[in-house]
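One-letter residues, chain by chain:
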Amino acid sequence: MKLDIRKVLPKNPSEFSGYRAVRILLAIYMFVIVVRSCIHFFASDGGANSIAGIDISVAGGDNIIAIFHQWGAMQLLLVLLLYVLFFKYPGLTPLIALTLVIEPIFRLISGKIMPVTAEGTPPGESLNGASFYVLAVLFIVSLIEKAPRKKS
């Protein structure tokens, strides 16, 4: 088993020589991001209260909702861009996995800088750790060169 970090920025981005399961799992994970983004973008409260449990009846509640809608719009834009790269340039699979690994780390850091006050633990916060570990494994596996098939 050989890890090749150069696969993050491959010379030929049109080919992915790793395990197909990595691409399938990343595609499913990105679909979950599309769903999450659409909820933030289209839900009447942006998911701020209905999902995250944030009190929006306070002064500035409309601003909280607006920020959640904008957050959903940006998430949707970024995941759609990742899908374009994913399908157009399969060789960028490790870079896409690395990008997705970094996201829960950034959310953890931002939550430490300014914790969210909510009625319960927002789903994104409670799933950060699991997301990180799953995505880290996918990233590492995406760097493994798959052995060529033996001809009989």
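What counts and how
Throughout this description, residue numbers start from 1 for each chain and increase along the sequence as written. This being a predicted model, a pLDDT of at least 70 is required before a residue's local features are given, and a value of 80 or more before pairs of side-chain atoms are given or counted; all residues contribute to the totals for chains, interfaces and linings. Hydrogen atoms and water are omitted, and side-chain values are computed over all heavy atoms in the structure. Detection works on a 1 Å grid of protein atoms alone, calling trapped sets that fit a 1.4 Å probe cavities and calling open sets with protein on both sides within 12 Å along at least five of seven lines pockets, with lining residues defined by an atom within 4 Å of a point. Grid points are joined across faces, edges and corners, and a volume is the space filled by probe spheres set on the points. Per the convention used, a helix needs a DSSP run of H or I reaching at least four residues, while a strand needs a run of E reaching at least two, with both numbered from the N terminus. In the scheme used here, Gly and all other residues not listed as nonpolar or charged are polar, with Ala, Val, Leu, Ile, Met, Phe, Trp, Tyr, Cys and Pro taken as nonpolar and Asp, Glu, Lys and Arg as charged. The nonpolar core is taken to be a set of buried Ala, Val, Leu, Ile, Met, Phe, Trp, Tyr and Cys residues, with the residues joined through side-chain atoms within 4.5 Å. For every residue, the accessible area (1.4 Å probe, protein chains only) is compared with the maximum for its type, and the residue is labelled buried under 20%, exposed over 50%, or partly exposed between those bounds. Fitting a line to C-alpha atoms yields each axis, with helices limited to the stretch in contact; the angle taken between N-to-C directions then spans 0 to 180 degrees. If an angle is under 35 degrees, it is roughly parallel; if it is over 145, roughly antiparallel; if it lies from 65 to 115, roughly perpendicular; otherwise it is oblique. Crossings are sorted by hand: turned counterclockwise from the far helix by less than a right angle, the near helix makes the crossing left-handed, and turned clockwise it makes it right-handed. Residue contacts are counted whenever heavy atoms from the two residues lie within 4.5 Å of one another. The span expected for a helix works out to 1.5 Å for each residue beyond the first. Bend is the name given here to the angle between axes fitted to two runs of seven residues, the run ending at a residue and the run starting at it. When a carboxyl oxygen of Asp or Glu is within 4 Å of a side-chain nitrogen of Lys or Arg, the pair counts as a salt bridge.

S.K.: Any chance you could explain the layout of surface pockets here in plain terms?
M.R.: A water-sized probe rolled over the atoms picks out the places where empty space is left. Here the largest pocket defines a volume of roughly 990 Å³. Lining of the largest pocket is provided by 31 residues; of these, Trp71, Arg107, Pro122, Gly124 and Glu125 occupy positions nearest its centre. Mapped by element, the contributors of at least two residues to the lining of the largest pocket are helix H1 (20-42), helix H2 (61-88), helix H3 (93-113) and helix H4 (123-142). Counted by class, the lining of the largest pocket contains 20 nonpolar, 7 polar and 4 charged residues.

S.K.: Would you mind going over the nonpolar core with me for this structure?
M.R.: Nonpolar side chains tend to gather and get buried jointly when the protein is soluble and globular. Within the largest apolar cluster, 21 residues are counted, with the highest numbers of intra-cluster contacts made by Leu26, Met30, Leu100 and Leu135. Those elements that place two or more of their residues in this core are H1, H2, H3 and H4. The dominant element in this core, judged by the number of residues it contributes, is H1, at 7 residues.

S.K.: When you look at the packing of H3 against H4 in this model, what are you seeing that I'm missing?
M.R.: Angle between the axes and distance between the axes: these two values describe a pair of packed helices. Axis separation between H3 and H4 bottoms out at 8 Å; the angle between their running directions is 155 degrees. Taken together, the axes of H3 and H4 are roughly antiparallel relative to one another. As H3 packs across H4, the resulting crossing turns out to be left-handed. Each of Pro94, Ala97, Leu98, Leu100, Val101, Pro104, Ile105, Arg107 and Leu108 in H3 lies in contact with H4, whose residues at this interface are Gly124, Asn128, Ser131, Phe132, Leu135, Ala136, Phe139 and Ser142. Across the contact of H3 with H4, the residue classes break down as 12 nonpolar, 4 polar and 1 charged.

S.K.: Help me out: how do you make sense of H4 in this one?
M.R.: For the α-helix, the turn length of 3.6 residues means that residues three or four positions removed from each other point alike. In this model, H4 (20 residues) spans 27 Å end to end at C-alpha, consistent with the 28 Å of a helix rising 1.5 Å per residue. In the structure, H4 departs most strongly from a straight axis at Gly129, where the bend amounts to approximately 40 degrees. Those residues of H4 not exposed but buried are Asn128, Ser131, Leu135, Ala136, Leu138, Phe139 and Ser142.

S.K.: It is not clear to me how the pattern of salt bridges should be interpreted in this structure. Could you clarify?
M.R.: Proximity of charged atoms lets side chains of opposite charge pair with each other. Here the structure, examined in full by the defined rule, presents 4 salt bridges. Arg107 is the partner of Glu103 in a salt bridge, and the nearest nitrogen-oxygen pair spans 3.2 Å. One end of the pair is Glu103 and the other is Arg107, both in helix H3 and 4 residues apart, which spans about a single turn. The partly exposed category is assigned to Glu103, whose relative accessible area is 21%. Take Arg107: its relative accessible area is 17%, and that puts it in the buried class. Within this structure, Arg36, Glu103 and Arg107 form a network of salt bridges that share partners.

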